[in-house]
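# Structural overview
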Amino acid sequence: MMKTLLLTTIAASALFLAACSDNTETVTEVPATTPVETVEATPTETTATPVEPMELPTLVDVLGSSPDFSTLVAAIGAADLTETLSGPSSYTIFAPTNEAFAAMDPALLEDLMKPENKDKLVTVLSYHVLPGKISSSELAGKSEAMASLNNKDMLIDGTGDNLMVNTSTVTMGDIEASNGVIHVIDTVLVPRFEE
């Protein structure tokens, strides 16, 4: 009887453990997939929107955007050359800085800025301008007299280490504008005045 009781207890324990076990196999049903219809993409015509090139400012606008040229811009205004140097024609300007104007004889600068001496001021400013757009690379290696806007010759010498205009040195070249190019110089060019 003891043997039967022991066997019954073992069998009951085995059943109990089997019932408590978490080892049940779970079957997950995967839904049947329906084939997806593929639609061929038809190429659409795209037209590129043209990008407008940014217009460069005029020579006078470029000079006016830098405080280093305020004296030159004031002189251009006093000489009524703003419209000419902002127009469609191309020019090359040898632009003296405020520092270059400060190195001038103060009496001469004051005299030039007087309304009654506008013709002299136009002569001085025009002497800084060449017709056409001329880059520093076009002047490199050459030494020649070139006629300024007022038809007075200036000596352009690009044969040395620096590009020279008469006795003035170009300190920065090839500043682009919509209607020409600016080369910065360290002195004001003063032509001979005809009496």
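From a predicted model like this one, the values you see are computed outputs, not experimental measurements. (Residues numbered from 1 in each chain as written. Predicted model: local features only at pLDDT ≥ 70, side-chain atom pairs only at ≥ 80, totals over all residues. Heavy atoms only, no water.)

## Comments concerning the packing of helix α3 (residues 70-78) against helix α7 (residues 118-126)
For the record, the criterion: What counts as an axis is a line fitted to C-alpha atoms, over the stretch in contact for a helix, and the angles between N-to-C directions run from 0 to 180 degrees. Only runs of H or I of at least four residues qualify as helices and only runs of E of at least two qualify as strands under DSSP, and these elements are numbered from the N terminus. Angle categories: roughly parallel below 35 degrees, roughly antiparallel above 145, roughly perpendicular from 65 to 115, and oblique for all the rest. With the far helix as reference, a near helix turned anticlockwise by less than a right angle produces a left-handed crossing, and one turned clockwise produces a right-handed crossing. Throughout, a contact is declared for two residues whenever any of their heavy atoms are within 4.5 Å.
The geometry of α3 relative to α7 is characterised by a closest axis approach of 9 Å and an angle of 130° between their N-to-C directions. With respect to α7, the axis of α3 lies oblique. The two elements α3 and α7 cross, and the hand of that crossing is left-handed. On α7, the residues touching L72, A75, I76 and A78 of α3 are K118, L121 and L125.

## Quick notes on the confidence of the model for the chain
Put simply, the rule reads: On a scale of 0 to 100, pLDDT captures the predictor's confidence in every residue.
Looking at the chain, pLDDT values average 82 and 71% of them are 70 or higher. This model gives residues 1-21 a pLDDT under 50, and the stretch forms 0 contacts once residues within four places in sequence are excluded.

## Some words on the sheet that holds strand β6 (residues 168-177)
For clarity, the threshold we go by: At least two bridges found by DSSP between two strands is the condition for calling them paired.
The strand order β2-β1-β7-β6-β5-β4-β3 describes an open sheet built from 7 strands, whose pairing is mixed. Edge positions in the open sheet fall to β2 (129-131) and β3 (143-147), since each of these has one partner strand only. Strand direction decides the pairing type here: strand β1 (residues 91-96) and β2, joined by 3 bridges, are antiparallel. In the strand pairing of β2, T92 is matched with L130.

## Topic: α3
What counts is decided by this rule: A simple rule labels every residue: compare its accessible area, found with a 1.4 Å probe on the protein chains alone, to the largest value its type can have, and call it buried under 20%, exposed over 50%, or partly exposed in between. Think of it as the arc spanned by the lines of direction from the helix axis to the C-beta atoms.
The complete set of buried residues in α3 reads L72, A75 and I76. Taken around the axis of α3, the buried residues stretch over an arc of 100°, which confines them to a single face. Looking at the buried residues of α3, the elements they touch are α2 (59-64), α4 (82-86), β1, α5 (98-102) and α7. Positive phi shows up at D80, right after α3, with a value of about 55°.

## Here we look at the pairing of strand β4 (residues 153-157)
Because side chains alternate across β4, one face comprises the buried residues M154 and I156, and the other comprises D153, L155 and D157, none of which is buried. As paired strands, β3 and β4 are joined by 5 bridges and run antiparallel to one another. Bridging across to β4, A147 finds its partner in D153. A loop of 5 residues connects β3 with β4, the two strands running antiparallel in sequence, and N151 in this loop sits at a positive phi of about 65°. The pairing of β4 with strand β5 (residues 164-165) spans 2 bridges and is antiparallel. Residue pairing in the sheet places I156 in a bridge with V165 of β5.

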